[in-house]
Amino acid sequence: MDDERIFSGLNAEQRRAVEAVRGPVCILAGAGSGKTTTITRRIANQVASGAFAAGEILAVTFTDKAATEMRTRIEELGVAGVRAQTFHSAALAQLSYFRGRPPGRIVASKALTLRRVGNTLPKPFRFRPAGDLATEVEWAKNRRVTPETYLESLGDHKPPIPPDLMLRVFREYEQRKSDGGFIDFEDLLGLTIGLFDEDSHALAEVRERYRAFTVDEYQDVNLLQQTLLEHWLGARDELCAVGDDYQSIYAFTGATPRYLLGMPERFGDATVVRLESNYRSTPQVLELANRLVPQLSGAEKVLRPSREDGPAPLLQRLAGSDEEGAFVAERVASLYADGVPYEEMAVLVRTNARTADFEEAFADARIPFQGASLLARDAARQLLKRLRGREGSSVASTVAHVAVEQGWLEHPPEGLGEREQTRQTDLARLVRLADEFGEGAVGEWIAELERRFGPSGEARGVHLLTLHRAKGLEFEAVFLPRVDEGELPARQAKTTEALGDERRLLYVGMTRAKRHLAVTWTARPSRFLTELGVATQAPAVSKPSRLRDDELPPAARALREWRRERARADEVPAYVVFNDRTLEELVRRAPASVAELAAVPGIGPAKLERYGGDLLRAVREACVAGPASPDFALTPKAPRPHPSDAVYRALAVWRRERADEEDVPPFHVFANRVLEAIVRAEPSTLEELAGVTGVGPTKLDHYGAAVLAVLAASGQEQLQHSRGVAPDAVAAAAVALP
């Protein structure tokens, strides 16, 4: 071990921290500023300078991976014997040593026990994910709150279920744990604190053993961990704490940056070092991220770039989630063509449910991805488990019926826990996918889901991650979609503190990018975009209100009532029978035969078979009640060109034939909305077709020429009809021409 290895390559800020081998040191480390390098070099210098022996130093962090990385780097500097552990592994070792035996079986997850407790709740709350209940139990225990003090400790905090029920869950969980003779990770810390409170000799021995402490990610410490650290430290001040309050994003677990920010006040002679030289991102990425700094409060850190220039971040508003998915997929394909590996790209979203948007987009574009799985989450696992072996005349109604049994709410209320929100969103997605599937057996639909969303068998491809899971990672290209009000910030974020957490999540997301960064939004631009100085252009779009029954023409009112009664009889949501757009078409067209009914968009073979006769009678009766105007709409909306029936039908027939050839569902070729967009756009070249949302590079290459041929043929047929010339006559004339 020599000084040259310890100080090699350090900047002035890092060197100052490494040289401060004694006394309290507070390192405020900005994103990508080399904090691990700094603290491992400092620990090596503590030993090299003779300030402490290696065995007298305890370094703690939050994950086994981080602890291993820290230990490896210290050993590579020629220092062996430093203890680098997580808080929990250090507590387990000390508790086992002083008790002479392990403390008991430690459960890796609370979910199984809490699922059993949750199953005893009243029906409206029975399906709430065990993960939401576990988060709430951890929120309490990390604050050293017990079932006896839970209700009085809530304050403004809102649990995922009513407080009295949550107290019942908390108390029952603790009782079952005690009866089973096992402990959780919070108990592990609590028992170690209790040991030191009761056994002064044990506490003295630990303090004699460890004389200097380093805590990584100090902004993520909670009260339970801080209490244990205080026991280790005692009245001494040999503490080096490193962290970034701008990346404090775990308040929901009880973590707080106040211990980090309070170090200079607690230790008046503390050495405070700011690491602001960023080695990860381009100047363009950092310039955008730094715009949030005035709103982040805490200890100001303005990141300075060390890399060469790169492209400006892409800041773009898109029409909706489909367009956003298509934009990201096309941009990923472009970057990959330019040499950026898929594994160096990441899509970072606020909640797990949003990853499924990109699972769909990437699967359709044949882009490999990793880190997310709709089918691995609770909603799909439980729904598919109940569906296997079950058949029905309609995949859509069967899936919707089982989803309702699983607690699906067509209009979820506010105040749900994050995992329950994810579950509800996943259930809604599965119902929609079943509705789009059309005719076929339930087993075929499940097989198609597994083909599109199942694991690829190897961990390769674009990373689909939540912003929380992305912390500590870095990628060549980062996509931050859905930066909208209600998404980021999440709609549950009502308080200043909660909004601060959401703002820091955006900051964390932006600072994961090395070179390429894209920020997109759709209907309601996030307030954070204004703070970034981004011109969001169009105003927020409010959802149009649905007409009341008494505002409808008689025919529409009668059909809506028929749909409501049929849905009640089938025990499915009304839109599974048919949606409002189909209802509008039924009223406009007033079909009088099965053939005319089959031509109505939204009435596929499965619905024709299930509802055909009854629906025709309902339409006839509705039309007797009174016709509707041609421009009638259930929901007032801006006028849009209506797809030509003939062209749309021609494309739909081609799609069905192509899907049969490829042995895939029709929507895998093109979804209905894409066909409508193609008809409205009237493309005549591949370049024009490429501009239609939903037609990405892969589908353009695969289907482009065929689509243009169908459009050309349909256009010629329409032209012939408009001139009053029969197609057969034109064909005969064409044969006769020289």
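Relevant structure appears above.
Anyway, here's the lowdown on the structure attached to this text. (Residues numbered from 1 in each chain as written. Predicted model: local features only at pLDDT ≥ 70, side-chain atom pairs only at ≥ 80, totals over all residues. Heavy atoms only, no water.)

Take the overall build of the protein chain next. Assigned secondary structure in the protein chain consists of 37 helices and 16 strands. Looking at the protein chain residue by residue over its 738 residues, the buried ones come to 52%. With an accessible surface of roughly 32900 Å², the protein chain has 51% of that area assigned to carbon and sulfur atoms. (Helix = DSSP H or I, 4+ residues; strand = E, 2+ residues; numbered from the N terminus. Buried < 20%, exposed > 50% of the residue type's maximum accessible area, 1.4 Å probe, protein only. Areas by Shrake-Rupley, 256 points an atom, 1.4 Å probe, with all protein chains shown as cover.)

Okay, unusual backbone geometry next. Looking along the chain, the bond that leaves leucine 488 and enters proline 489 is cis, with omega of 10°. Examined against the element boundaries, proline 489 turns out to sit in the loop between strand S15 (475-480) and helix H25 (496-510). Although it is not a glycine, glutamate 682 adopts a positive phi angle of roughly 50°. In this fold, glutamate 682 is placed in the loop between helix H34 (672-681) and helix H35 (686-690). With a relative accessible area of 64%, glutamate 682 lands in the exposed category.

Attention now moves to the pairing of strand S14 (residues 462-466). The element S14 is largely enclosed, with a buried count of five among its five residues. With burial as the criterion, each face of S14 is covered, one bearing Val462, Leu464 and Thr466 and the other bearing His463 and Leu465. Note that strand S12 (residues 345-349) and S14 share four bridges and pair parallel. Looking across to S14, one finds that leucine 348 is bridged to leucine 465. Relative to S14, strand S13 (residues 369-370) runs parallel, the two sharing two bridges. (Pairing = 2+ DSSP bridges.)

What follows concerns the environment of leucine 449. Note that leucine 449 resides in helix H23 (residues 442-453). Measuring from C-alpha to C-alpha, the distance between leucine 449 and alanine 380 comes to 10.0 Å, with 69 residues separating the pair along the chain. Residues in contact with leucine 449, not counting those within four places in the same chain, are Leu375, Leu384, Leu430, Leu433 and Gly454. (Contact = heavy atoms within 4.5 Å.)

With that settled, consider the packing of helix H11 (residues 185-198) against helix H13 (residues 223-233). At their nearest, the axes of H11 and H13 sit 10 Å apart, and the two run at 30° to each other. As far as their axial angle goes, H13 and H11 are roughly parallel. You can see that H11 and H13 cross each other, and the crossing is left-handed. From H11, Glu186, Leu189, Gly190, Thr192, Ile193, Phe196 and Asp197 reach across to H13, where they touch Leu224, Gln225, Thr227, Leu228, His231 and Trp232. Considered class by class, the residues forming the contact of H11 with H13 number six nonpolar, five polar and two charged. (Axes fitted to C-alpha atoms, helices over the stretch in contact; angles between N-to-C directions. Parallel < 35°, antiparallel > 145°, perpendicular 65-115°, else oblique. Left-handed = near helix turned anticlockwise from the far one by under 90°. Nonpolar A, V, L, I, M, F, W, Y, C, P; charged D, E, K, R; others polar.)

Here the focus is the sheet that holds S14. Taking strand neighbours across the sheet as the criterion, the six strands line up as S11-S16-S15-S12-S14-S13 in an open arrangement whose pairing is parallel. On the outer flanks of this sheet lie strand S11 (314-317) and S13, each paired with one strand and no other. The sheet contact formed by S11 and strand S16 (residues 513-521) spans four bridges and is parallel. Each bridged residue has a counterpart across the sheet, and for arginine 317 the counterpart in S16 is tryptophan 521. H25 rests against S12, S15 and S16 of the sheet, and its axis sits at about 145° to S15.

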